Amino acid sequence: MEENFLDSFKGKIYWIELVTHLQCNCSCRVCPTARMLDNSAFSTDEMASWLANARKVGARGVWFGGGEPTLHHGLVNAVKTAKDLGYRNILLQTNGLRLAYDHYLERLSNAGLNMVSLSLKGADSQSHDYMTRVPGSFELLTEAAKNLVDEKIPINADILVTSHSVRHLRSMIELAADLETASVTLMLVSMHGLDRKEDHHWLPEPQLLSEHVEAAMDTALSLGLKITSLHIPPCLLAKRHRENYFHAGRYGLLVVPPSQEAFMAETSPTEGGNYLEQCQSCSERQDCLGFSSEYAQMKNLKNISVL
Ligand code: SF4
């Protein structure tokens, strides 16, 4: 079925994200999948089929996500299949817990894994474990980073920006540098899939966000770390950092969940899609995905200046 479906994406996708399943060994406070009772998962054959058909229409990178992909029993096989099919970039997006076990990482590495995005939720064990609700998760994550360095697999740190982490972004960048990550992606928390109004307190206030992201970007650059902002539009970045904004459409990423239709990353409500009145005259408009719907309603956003 996916073969015909993928025909329309010929030449348009570089990455395919396989959302292996939705189970996780953390229960992060801002994660919608942690609240879902959805047991859907790809079988090993289904993953192989998507990988083969996506390659035929030009995909060169595969991104294994979830849930927590390292809990999927077919992950090592799927990585090996991707390698055999000629995928150039084979990326795992993970909380890192299972990569603390070096024999498991070695199996993934031998199968062909060549990039890892580790999810940082705090600058230290107290704040990280508070968000994951798993005592010891920070310690395992730092162990995972050491193992990845030993395996010579480049690490990207996905830093989740919330009202809880925003004041600690600089320290999180310093931590990423200590863990020898090659790059950092700032990801603004999304309320997509979190239906309760009381969750909205996790959204950082715009002024505070701007201020701390500026300091974090300065720190990253001074430490030689490449830094990218997803979901935080150029108007909230200092002028000198605006080139670090990344429109999710530039990935050429088709996201394939096990229980829903596949979609291009930039069409997800998580990536934005909501604009303010002043966006109409903004010079960045063409390359900007705007705000998530909840963030677009933040009252202080009305005060941001038009570029
Ligand atoms: S288009 Fe709107 S959201 Fe994007 S940078 Fe401009 S003012 Fe900000």
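Residues numbered from 1 in each chain as written. Predicted model: local features only at pLDDT ≥ 70, side-chain atom pairs only at ≥ 80, totals over all residues. Heavy atoms only, no water.

**Thoughts on the site of the ligand**
For the ligand, the full set of nearby residues is P233, P234, C235, C279, C282, E284, R285, C288, G290 and F291. Grouping the amino acids of the shell around the ligand by side-chain chemistry returns seven nonpolar, one polar and two charged. (Near = heavy atom within 4 Å. Nonpolar A, V, L, I, M, F, W, Y, C, P; charged D, E, K, R; others polar.)

**Focus: the pattern of salt bridges**
The tally for this structure, following the rule as stated, stands at five salt bridges. The partner of E143 in a salt bridge is K146, with the nearest N and O atoms 3.7 Å apart. Note that E143 and K146 are positioned in helix α6 (residues 137-150) at a spacing of three residues, about one turn of the helix. A residue is classified by how much of its surface remains accessible, and E143, at 32% relative accessible area, is partly exposed. Salt-bridge contacts for E214 lead to R240; the nearest nitrogen and oxygen are separated by 2.8 Å. Of the two residues, E214 is situated in helix α8 (residues 206-222) and R240 in the loop between β7 (226-230) and β8 (253-256); the sequence distance between them amounts to 26 residues. Here E214 falls in the partly exposed class, since its relative accessible area comes to 28%. Ionic contacts of the salt-bridge type, sharing partners, join the residues E214, D218 and R240 into one network. (Salt bridge = Lys/Arg side-chain N within 4 Å of Asp/Glu carboxyl O. Helix = DSSP H or I, 4+ residues; strand = E, 2+ residues; numbered from the N terminus. Buried < 20%, exposed > 50% of the residue type's maximum accessible area, 1.4 Å probe, protein only.)

**Details of the layout of surface pockets**
By volume, the largest pocket is sized at about 1500 Å³. In this structure, the largest pocket is lined by 50 residues; those nearest its centre are P32, T33, G66, Q93 and T270. Taken together, the elements giving at least two residues each to the lining of the largest pocket come down to β1 (15-19), β2 (61-65), β3 (89-94), β5 (155-161), β6 (183-188) and β8. When its residues are assigned to classes, the lining of the largest pocket shows 26 nonpolar, 18 polar and six charged. By volume, the second largest pocket is sized at about 490 Å³. Along the walls of the second largest pocket sit 26 residues, with M115, N156, S183, T185 and Y251 positioned nearest its centre. Those elements that place two or more of their residues in the lining of the second largest pocket are β3, β4 (115-120), β5, β6 and β7. (1 Å grid on protein atoms, 1.4 Å probe; cavity = no way out; pocket = protein on both sides within 12 Å on 5 of 7 lines; lining within 4 Å. Points joined across faces, edges and corners; volume = space filled by probe spheres on them.)

**Side note on helix α3 (residues 75-84)**
Every buried residue belonging to α3 is among L75, V76, A78, V79 and A82, and all of these are buried. For α3, the arc enclosing every buried residue in end-on projection is 165°, short of the 170-degree limit, so these residues lie on one face. Buried residues in α3 make contact with α2 (44-56), β2, β3 and α4 (102-111). (Arc of directions from axis to C-beta. Contact = heavy atoms within 4.5 Å.)

**Digging into the packing of aromatic side chains**
Going through the model one piece at a time under the given rule, you end up with seven aromatic pairs. Relative to F9, the ring of F5 lies with its centre 5.4 Å away and its plane at 55°, an arrangement referred to as tilted. Relative to W15, the ring of Y14 has its centre 5.8 Å away and its plane inclined at 70°; by these criteria the two rings are edge-to-face. Using a relative accessible area of 10% as the deciding quantity, one classes W15 as buried. Over the aromatic face of Y104 sits the side chain of R98, whose NZ or CZ is 4.0 Å from the ring centroid. Positioned above the aromatic ring of Y275 is the side chain of R285, whose terminal nitrogen or guanidinium carbon lies 3.6 Å from the ring centre. (Phe/Tyr/Trp six-rings, centres within 6.5 Å; stacked < 30°, edge-to-face > 60°. Lys NZ or Arg CZ within 6 Å of the ring centre and 35° of its normal.)

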